[in-house]
Amino acid sequence: MNGLLQQIHRLELRHKLTLAPTDMADLIQKRAALRDLLDRRYLYQKERMKRFFYEAADKCGRPLARMLHPRAAVSYIPFIKTQKDRNTHDPGEILEVFKSYYDKLYNIKGQFADLAPTELGEKIRKYVGDTALPPLDVLLSGALEEDISETEISAAIQHTPSGKCPGPDGFTPAFYKLFGAQLAPIMARTFNSLDGEVGFVPQTLEAHISVIPKPGKDLAHAANYRPISLLNIDIKLFSKILADRLAPLLPLSIHTDQVGFVKGREARDNTIKTGLLVAKAKLESIPMGLLSIDAEKAFDRVHWGFMRAALDQLGLGPKFLQKIFALYSGPTDRVRINGMLSSSFAIQNGTRQGCPLSPLLYVIVMEHLANAIRKNEDIQGIRCGSVHHKAALYADDLLLYVSQPHTSLPSLMKELERFGHLSNFRVNFSKSEALNISLPQPEVSRIASNFPFKWKTEAVKYLGVYIPADLSKLYTLNYLTLLNRTIKNLKSYNGLRLSWFGRMNVVKMDILPRFLYIYQTVPIIPPSGFFQSLRSALVRFVWGGRRPRIGLRSLTRLKEEGGAGLPDFKTYFQASALVRMLDWTYQNKNKQWVQIEQTDIPVPLGHLPWIPESDNPVMGLAPKYTRDTLKVWHTVSSKFAPPNTLSPLSPLFSCPSFRPGYRKSAFLGWRAVEDTRVGDILVNV
């Protein structure tokens, strides 16, 4: 094709000069040959595309996902409101509006902008010292100081998905994977040369901001788009290596209240914890309210001076700090809107969304606010045993348990203001919600008139889960809402051209994860009609509304056993409940909700499954989450063993089948009495 294009170009130039008929005949012949070649290429690509969709469209993967949830047509932004509240359709003006907005967002002049840098730094260091995190062990922080190895770089390259967008330099992950062996030594020397004086060249730290619309927002305002920074791949690899080194150390310094981006923690830890605290407040008539605090542009507003002080207080070594702040030494951004690029502008604050290290840095910064709230004795939460619970966090999603609001709320507002002045944190009160759990109504009315929170009457939404004041509504607000939405979605998917195997993959990829999340975050037993309605909707969808040709039992059987592998949602629910039992046994010191659940139960939670249901002394007194989990366990275990059978995992202490176990004094000579089980005796005989 390149040869034909060159010949056509020469013939066109010669024909313009000579007008010879032979040149025109040759030109027509070459153009016909090029057209035939393009036609063959087009037909090849057409057949290749047909084969790809034939093979991939019915399988779990990106093509099927895009078919189910096509991207909204927002690559083109037709208009935007200017600062003068005027709609503009001019592409240049639209670009300038976004550029002006992000230039202002990433160059915030804080409350103490007039102070000298040393004076502001002293204020930040004092606050960070007052709210200090547990510092890292010297040996652990010393390990972070080691040079970045070629092995780390090669591993980071291999783990980078191939389909990621390139940064401003245009080099894709495929380029790094192809030439990884040659690039790793060069990149290692570059990364290890960063020492605070030698940094990245300016072009390396440039990023292009691509905007994504926030669902349900007025898209005429630039603030209602989420900025994603398209970084150069080499910078993302560098950030990934630093994040992989730092991540295993965060659980040592970050309180268990924070479950976002910390290894070994997950969203369900805080949703279950919140449900248990609400139940406790209701049962014991403890006056309590919930506050859901929404942070405005949380990641984009972080003050770099505050972040540096927080990392320094954590005990990170100088070399590791220099590598982190090499990412923040003169970075620049350009905004990409409607295929156009704005002029470059410097950024002075914020952690880039799209950088692997950003969430970890933000969690460390946010932990100082959480510590300030915990240490403030005027802010009262709810006590369970010896633990005073005040907050639950998932990165910037902050949920507060507030009692004695007449003293707690003024002190809380002061802490938020103090933290905000130093770190640029700002509360978006228009999105921050409050829910009365057990506060007297006159007090609620007085609070509502003095504090700018939106008071909800039924429930607040936290991490995708509705937390109601009346826990009997947990099923209606979460399970039933999801069921109705799923039935609606399945009807909308009926128009897709999918085989019945493809439809089963839709269930696996799109429907099952939504229910698994609810199963784990709201561990209650739904009514029996719930699973029946769900099964009926799934069968109708799989068979396209026609009469089923294969029984549901065969469809849900494993492929290895001759089935089709369609998920059985009830079995998945039971498995999610049994995961909680593992946490009772192995995570009783690491998860707060386990400790809260244990508070009013005299028997260790890990022992409850092994006590026969008829002899369990705490079933009626245990929280609903505990009772429902045990009901699931007894239902499942009865299929494998007769009821009231003594298991090797049955505890000696508090075991009705082993009467001396009721007297703890009989086993004072044993080590770890409460963890001793029947199997331990059998092994040691």
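Residues numbered from 1 in each chain as written. Predicted model: local features only at pLDDT ≥ 70, side-chain atom pairs only at ≥ 80, totals over all residues. Heavy atoms only, no water.

1. Thoughts on the environment of D85
In step 1: Relative to the helices and strands, D85 is located in the loop between β1 (80–81) and β2 (87–88).
In step 2: Note: C-alpha distance between D85 and H221 (136 residues apart in sequence) is 9.4 Å. (Helix = DSSP H or I, 4+ residues; strand = E, 2+ residues; numbered from the N terminus.)

2. Observations concerning the packing of helix α15 (residues 358–375) against helix α16 (residues 405–423)
In step 1: Across the interface, α15 lies against α16 with an axial gap of 10 Å and an inter-helix angle of 150°. When the axes of α15 and α16 are compared, the pair comes out roughly antiparallel. Once α15 is placed against α16, the crossing between them reads as right-handed. Where α15 approaches α16, its residues V365, M366, L369, A372 and I373 are matched on the opposing element by L412, E415, L416 and F419.
In step 2: Of the residues contributing to the contact of α15 with α16, the split by class is eight nonpolar, no polar and one charged. (Axes fitted to C-alpha atoms, helices over the stretch in contact; angles between N-to-C directions. Parallel < 35°, antiparallel > 145°, perpendicular 65-115°, else oblique. Left-handed = near helix turned anticlockwise from the far one by under 90°. Contact = heavy atoms within 4.5 Å. Nonpolar A, V, L, I, M, F, W, Y, C, P; charged D, E, K, R; others polar.)

3. A word on the nonpolar core
In step 1: Counting 105 residues, the largest nonpolar core has F98, Y102, L316, I324 and L357 as the members making the most contacts within it.
In step 2: The element that contributes the greatest number of residues to this core is α15, accounting for eleven residues.
In step 3: F98 has contacts with I77, I80, V211, A222, Y225, V335 and I337, leaving out every residue within four places of it along the chain.
In step 4: Core analysis: the next-biggest nonpolar cluster, separate from the first, contains 72 residues, L277, A281, I437 and V506 among them. (Core = buried A, V, L, I, M, F, W, Y, C linked by side-chain atoms within 4.5 Å. Buried < 20%, exposed > 50% of the residue type's maximum accessible area, 1.4 Å probe, protein only.)

4. Topic: the side chain of Q313
In step 1: Here Q313 shows up in helix α13 (residues 304–314).
In step 2: In terms of polar contacts, Q313 uses its side chain to reach the backbone carbonyl oxygen of L133, at 2.8 Å.
In step 3: Those residues in contact with Q313, other than ones at most four positions away along the chain, are V128, A132, L133, P135 and H368. (Polar contact = N/O pair within 3.5 Å; in protein donor to acceptor, adjacent residues only side chain to side chain.)

5. Let's talk about the state of the cysteines
In step 1: For the structure shown, the criterion picks out zero disulfides.
In step 2: C165 forms no disulfide, and the closest cysteine sulfur to it belongs to C355, at a distance of 16 Å. (Disulfide = S-S within 2.5 Å.)

6. Description of unusual backbone geometry
Negative phi characterises most residues that are not glycine, and trans characterises most peptide bonds.
In step 1: Of note in this structure, K297 is not a glycine but carries a positive phi near 45°.
In step 2: Examined against the element boundaries, K297 turns out to sit in the loop between β5 (289–293) and α13.
In step 3: Positive phi is not limited to glycine here, since L463 has a value of about 55°.
In step 4: Structurally, L463 is set in the loop between β15 (459–462) and β16 (465–468).

7. Quick word on the packing of helix α19 (residues 500–521) against helix α20 (residues 528–542)
In step 1: Viewed as axis vectors pointing N to C, α19 and α20 meet at an angle of 155°, and their least axial separation amounts to 10 Å. One way to sum up the angle between α19 and α20 is to call them roughly antiparallel. At the point where α19 passes α20, the crossing takes the right-handed sense. Mapping the contact onto sequence places W500, R503, M504, V506, V507, F515 and Y519 in α19 and F530, F531, L534, L538, F541 and V542 in α20.
In step 2: In terms of residue class, the contact of α19 with α20 is made up of twelve nonpolar, no polar and one charged.

8. Here we look at the packing of aromatic side chains
In step 1: Evaluated as defined, the whole model comprises 34 aromatic pairs.
In step 2: Both rings, one in F530 and one in F531, keep their centres 5.1 Å apart while their planes meet at 80°; by these two values the pair is edge-to-face.
In step 3: Each ring, one from F531 and one from F573, has its centre 5.7 Å from the other, and the planes form 55°; the classification is tilted. Linking F531 in helix α20 with F573 in helix α22 (residues 569–586), this pair joins segments that are 42 residues apart in sequence. Neither residue differs from the other here; F531 and F573 are each classed as buried.
In step 4: An aromatic cluster of at least three residues, connected via ring pairs, comprises Y475, Y479, F515, Y519, F530, F531, F569 and F573.
In step 5: Note that K123 overlies the ring of F112, its terminal NZ or CZ placed 5.2 Å from the centroid.
In step 6: Here R503 stacks its cationic end above the ring of F541, 4.9 Å away from the centre of that ring. (Phe/Tyr/Trp six-rings, centres within 6.5 Å; stacked < 30°, edge-to-face > 60°. Lys NZ or Arg CZ within 6 Å of the ring centre and 35° of its normal.)

9. Here we look at the sheet that holds strand β11 (residues 391–394)
In step 1: Strand order in the open sheet made by the five strands is β11-β12-β5-β13-β14, with mixed pairing throughout. In the strand order of this sheet, the two ends are held by β11 and β14 (454–456), each with one partner. Averaged over all adjacent pairs, the angle separating strand axes in this sheet is 20°, with direction ignored.
In step 2: As paired elements, β11 and strand β12 (residues 397–402) share four bridges and run antiparallel to each other. From the neighbouring strand, Y394 faces β12, where its bridge partner is D397. (Pairing = 2+ DSSP bridges.)

10. A look at the environment of Y586
In step 1: By secondary structure assignment, the location of Y586 is in helix α22.
In step 2: Owing to a relative accessible area of 62%, Y586 belongs among the exposed residues under this scheme.
In step 3: Linking Y586 and T407, residues 179 residues apart in sequence, is a C-alpha distance of 38 Å.

11. A closer look at a nonpolar patch on the surface
In step 1: A surface patch of nonpolar side chains, about 250 Å² in accessible area, is lined by M1, L5 and L38.
In step 2: Tracing the backbone through its elements, the reader meets M1 in the segment before α1 (2–18). (Patch = residues over 30% accessible without salt bridge, like charges linked within 9 Å, V, L, I, M, F, W, Y side chains within 5 Å. Areas by Shrake-Rupley, 256 points an atom, 1.4 Å probe, with all protein chains shown as cover. Salt bridge = Lys/Arg side-chain N within 4 Å of Asp/Glu carboxyl O.)

12. A short note on helix α10 (residues 233–246)
In step 1: Across its 14 residues, α10 extends 20 Å between first and last C-alpha, which sits within 8% of the 20 Å expected from 1.5 Å per residue.
In step 2: The buried fraction of α10 is high, at eleven of 14 residues.
In step 3: Within the span of α10, buried status applies to I233, D234, I235, L237, F238, S239, I241, L242, A243, R245 and L246. (Expected span 1.5 Å × (residues − 1).)

13. Here we look at the pattern of salt bridges
It is possible for side chains of opposite charge to pair when their charged atoms get near one another.
In step 1: In the structure shown here, the tally under the stated rule is 25 salt bridges.
In step 2: Of the charged contacts, one joins D583 and R268 as a salt bridge, the two residues approaching to 2.6 Å between their closest N and O atoms. Linking D583 in helix α22 with R268 in helix α12 (residues 267–283), this pair joins segments that are 315 residues apart in sequence. As far as the burial class goes, D583 and R268 line up, both buried.
In step 3: Across the pair E433 and K456 runs a salt bridge, and its minimum N-O distance is 3.9 Å. Note that E433 is positioned in strand β13 (residues 433–436) and K456 in strand β14, a separation of 23 residues in sequence.
In step 4: Residue classification places E433 among the buried positions, given a relative accessible area of 16%.
In step 5: Given the relative accessible area of 33%, K456 is considered partly exposed.
In step 6: Each of D257, K273, E367 and R374 takes part in salt bridges that share partners, so that together they form one network.

14. Digging into a positive patch on the surface
In step 1: Taken together, K217, R226, K431 and K454 make up a surface patch of like positive charges.
In step 2: With respect to the helices and strands, K217 occurs in the loop between β3 (206–213) and β4 (225–230). (Lys, Arg positive; Asp, Glu negative; His and termini not counted. Charge placed at Lys NZ, Arg CZ, Asp CG, Glu CD.)

Limitation: the analysis is restricted to geometry and does not speak to function.
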